[in-house]
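Listed below are the residues making up each chain.
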Amino acid sequence: MTLKELYQAIEGDYDDVMGRLPSESLVKKFVIKFLDDKSYELLESSLKNKDFETAFRAAHTLKGVCQNLSFTKLYKSSNTVTDSLRPGQLQTEDIINTQFSVVKKDYDKTFLTIKAYAEQA
Amino acid sequence: MSENKVEKILIVDDSEMNRAMLTAILDKRYEILEAENGEVALEALNRHGADISLVLLDIVMPKMDGFEVLAVMNETRIIENVPVIMISAENGTSHIKRAYDLGVSDYISRPFDAEVVQKRVNNTLMLYAKQRRLVEMVTDQIYEKQKSNSILVNILSHVVEFRNGESGMHILHVNTLTNILLKLVCQKTDKYKLSESEIDLISMASSLHDIGKIAIPDNILNKPGRLTKEEFEIMKTHSAIGYSLIEEVPYNKNEPLLKISSEICRWHHERYDGRGYPDGLKGDEIPIYAQVVSLADVYDALTSERVYKPAYSHDKAIEMISNGECGAFNPILLECLQENGDLIREELKVNSFREFDKEEIVRITDEMLKRDLVSEDDSAVKLMHRD
């Protein structure tokens, strides 16, 4: 699997990330580094504990990282839940949970695809 | 800061991933420090101070967020020397405006472009370095200007002192006392609003208070015994003469130094109760600076030795002044004098004119830049406009 194919598989924007970051090797390095990023786990656990303040920060970080890596699909779902967790604009738990399940689906797909990509490399 | 030193950039972001990306983009040209939240960032700022050339700051962070960091940087005025570029996934205009209101130099939205980040960082660093150089130039110029002004005033007042056969310390003491008393009175009440640079100007002008004595004949000025009534009347003309001398200087008509020194000459023998000369002004009809010089003049005469009297102690002098034996003064000024005996004695011990210390000049420059008072013909300012 090439990096471009990885981006296609996770519905990211390969051309966009290559346009913003200086080299493919750097993009590759950070895509693999994404496996170590703890913001998704923090989002999941803080939602379980109903700690919405921490959940907001975690979702916000996740969305920022996805934005920088042009993980478009995961960016969109994490952005949606970020807005629902925003202090002062907190939505009902039902809405948040529904939105989070989309994030979970997108994250799992992204994570597993990158893992496979990292192992073959 | 030396030009060839590698500049330090502090990256503040709670996501290790984001910090690593920015580091990868910038570490070829700069030394990178990292902080994972606002608290750690402030620690780094306190430790490294202006050694940090620039801060890249995220907004949403645990413990202390980016806006709180900016608030502290404003309070401590670190932000005046260390520029901040905000980098955030928050793209709402309210966040961006708030960041600019808190003094950030630039705002970069995620997702960022590596080259744009490099360019903006570089531009901000250059702008700040340039501004620092210009402020230093202006500061040096003001320092030199103040210094030569005060040397000239010192020469002039020394000439007068020499002819009066005075101790040589009187003008220095009046200058020092004027400075202290003005600072004290401004702390005590906001009735008289004087900036630090105005207080410096007045202190300098105080040196000329007796310049009118050059027109008093030698035989009266240096008469060993008591003056007759007629002689005393002639002696009294020195205040109005001093005023006219300065008033009639044919150039620099609008210079504050001329206005203030001429008024000090004219009114430093007025009395708060209206029974002084030459105009019989009363209370605050007498400008505060003339009131202060008048009190400083009397206080120093009492506490210094003269051929006809010993040097009185601070307490004795205060007693005589408060009794009304030596004139009538503004009660607020008397309080300042009474309450600060130790300070005044200490300051008068220093037998030299106050050197303008660098810090004071920096504050004065700052004040001038803020009030936009640096006049258009100042060459440093011209340079700044040309740039």
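It should be emphasised that the depicted structure is a prediction, and the values quoted were computed from it without experimental measurement. (Residues numbered from 1 in each chain as written. Chains lettered and ligands numbered in written order. Predicted model: local features only at pLDDT ≥ 70, side-chain atom pairs only at ≥ 80, totals over all residues.)

Chemist: Looking at this structure, how should I read the overall build of chain A?
Modeler: Counting its secondary structure elements, chain A contains seven helices and zero strands. In chain A, the succession of helices and strands from N to C terminus is α-α-α-α-α-α-α. Across the 121 residues that make up chain A, the buried fraction comes to 40%. Counting only contacts in chain A whose residues sit at least 6 apart along the sequence, the fraction spanning at least 24 positions is 56%. (Helix = DSSP H or I, 4+ residues; strand = E, 2+ residues; numbered from the N terminus. Buried ≥ 20, exposed ≤ 12 C-beta atoms within 10 Å, placed from the backbone. Contact = placed C-beta atoms within 7 Å.)

Chemist: Got a minute to help me understand the overall build of chain B in this structure?
Modeler: Within chain B, the secondary structure is distributed over 17 helices and five strands. Going through the 387 residues of chain B one by one, you find that 34% of them count as buried. Sequence-distant contacts, at least 24 apart, represent 66% of the contacts inside chain B between residues at least 6 apart.

Chemist: Looking at this model, I keep getting lost on the interface of chain A and chain B. Mind explaining?
Modeler: A common way to express how large an interface is: the accessible area buried when the components associate. Counting residues at the interface gives 18 residues for chain A, matched by 15 residues for chain B. The set of elements that each furnish at least two residues to the side of chain A that touches chain B consists of helix 3 (24-33) and helix 5 (52-69) of chain A. Tallying contributions element by element places helix 5 of chain A first for the side of chain A that touches chain B, with eight residues.

Chemist: Help me out: how do you make sense of the nonpolar core in this one?
Modeler: Side chains of nonpolar character tend, in soluble globular proteins, to be buried together. Counting 65 residues, the largest nonpolar core has Leu 10, Val 12, Val 55, Leu 56, Val 84 and Met 86 of chain B as its most contacted members. For this core, the element with the highest residue contribution is helix 5 of chain A, accounting for eight residues. With sequence-adjacent residues up to four places away left out, Val 84 of chain B is seen in contact with Val 55, Leu 57, Leu 70, Met 73, Ile 79, Val 104 and Ser 105 of chain B. (Core = buried A, V, L, I, M, F, W, Y, C linked by C-beta atoms within 7 Å.)

Chemist: Explain helix 1 (residues 16-26) of chain B here, please?
Modeler: Two residues of an α-helix separated by three or four positions point the same way, owing to the 3.6 residues in each turn. Among all positions in helix 1 of chain B, only Met 17, Asn 18, Met 21, Leu 22, Ile 25 and Leu 26 of chain B are buried. With its buried residues spanning 160 degrees around the axis, helix 1 of chain B presents them on a single face. Turning to helix 1 of chain B, the residues buried within the fold contact helix 3 and helix 5 of chain A together with strand 1 (8-12), strand 2 (31-35), strand 3 (52-57) and helix 5 (114-164) of chain B. (Arc of directions from axis to C-beta.)

Chemist: Quick question: what am I supposed to make of the packing of helix 7 (residues 196-206) of chain B against helix 11 (residues 256-267) of chain B here?
Modeler: The axes of two packed helices give the description: the angle between them and the distance between them. All names here are of chain B. Contact geometry for helix 7 and helix 11: axes closest at 9 Å, N-to-C directions at 50 degrees. On the basis of their axis angle, the class for helix 7 and helix 11 is oblique. The crossing of helix 7 and helix 11 is right-handed. For the pair formed by helix 7 and helix 11, the contact residues are Leu 201, Ile 202, Met 204, Ala 205 and Ser 206 on the first element and Pro 256, Leu 257, Ile 260, Ser 261 and Ile 264 on the second. (Axes fitted to C-alpha atoms, helices over the stretch in contact; angles between N-to-C directions. Parallel < 35°, antiparallel > 145°, perpendicular 65-115°, else oblique. Left-handed = near helix turned anticlockwise from the far one by under 90°.)

Chemist: Got a minute to help me understand the packing of helix 6 (residues 170-188) of chain B against helix 12 (residues 288-303) of chain B in this structure?
Modeler: All names here are of chain B. Contact geometry of helix 6 with helix 12 gives a least axis separation of 9 Å together with a crossing angle of 130 degrees. Classified by the angle their axes make, helix 6 and helix 12 are oblique. By crossing handedness, the relation of helix 6 to helix 12 is classed as right-handed. Facing His 170, His 173, Val 174, Leu 177, Thr 178, Leu 181 and Leu 182 of helix 6, the residues of helix 12 in contact are Val 292, Val 293, Leu 295, Ala 296, Asp 297, Tyr 299 and Asp 300.

Chemist: How do you make sense of unusual backbone geometry when you look at a structure like this?
Modeler: Of all residues except glycine, most have a negative phi; of all peptide bonds, most are trans. Cis geometry is adopted by the peptide bond preceding Pro 111 of chain B, which originates at Arg 110 of chain B and carries an omega value of -5 degrees. Relative to the assigned elements, Pro 111 of chain B resides in the loop between strand 5 (106-109) and helix 5. Residue Pro 278 of chain B is bonded to the preceding Tyr 277 of chain B through a cis peptide linkage, with omega at 5 degrees. With respect to the helices and strands, Pro 278 of chain B occurs in the loop between helix 11 and helix 12. Positive phi is not limited to glycine here, since Glu 11 of chain A has a value of about 55 degrees.

Chemist: Got a minute to help me understand the sheet that holds strand 5 of chain B in this structure?
Modeler: The strands that make up a sheet are held in pairs by hydrogen bonds between backbone atoms, and each pair lies either parallel or antiparallel. All names here are of chain B. Read from one edge of the open sheet, five strands run 2-1-3-4-5, paired in parallel fashion. Whereas interior strands pair on both sides, the edge strands pair on one side only; in this sheet they are strand 2 and strand 5. The mean inter-strand angle of the sheet, taken between neighbouring strand axes irrespective of direction, is 20 degrees. As judged from the five bridges shared by strand 1 and strand 2, these two strands associate in the parallel manner. Within strand 2, the residue paired with Ile 9 across the bridge is Ile 32. Against the sheet, helix 1 touches strand 1, strand 2 and strand 3, its axis set at about 160 degrees to strand 1. (Pairing = 2+ DSSP bridges.)

Chemist: What is the right way to read the environment of Lys 316 of chain B from this model?
Modeler: Residues and elements named next belong to chain B. Position of Lys 316 among the secondary structure elements: in helix 13 (residues 314-322). The partly exposed category is assigned to Lys 316, around which 13 C-beta atoms lie within 10 Å. Lys 316 sits 13 residues away from Thr 303 along the chain, and the two C-alpha atoms are 8.6 Å apart.

Chemist: I keep staring at the environment of Cys 336 of chain B and nothing clicks. Help me out?
Modeler: Residue and element names in this part refer to chain B. Looking at the element boundaries, Cys 336 is found in helix 14 (residues 331-339). Classification of Cys 336 by C-beta neighbours within 10 Å gives buried; the count is 24. Sequence separation between Cys 336 and Lys 183 is 153 residues; the distance between their C-alpha atoms is 9.6 Å.

In short, the description is geometric, and any link to function would need to be established separately.
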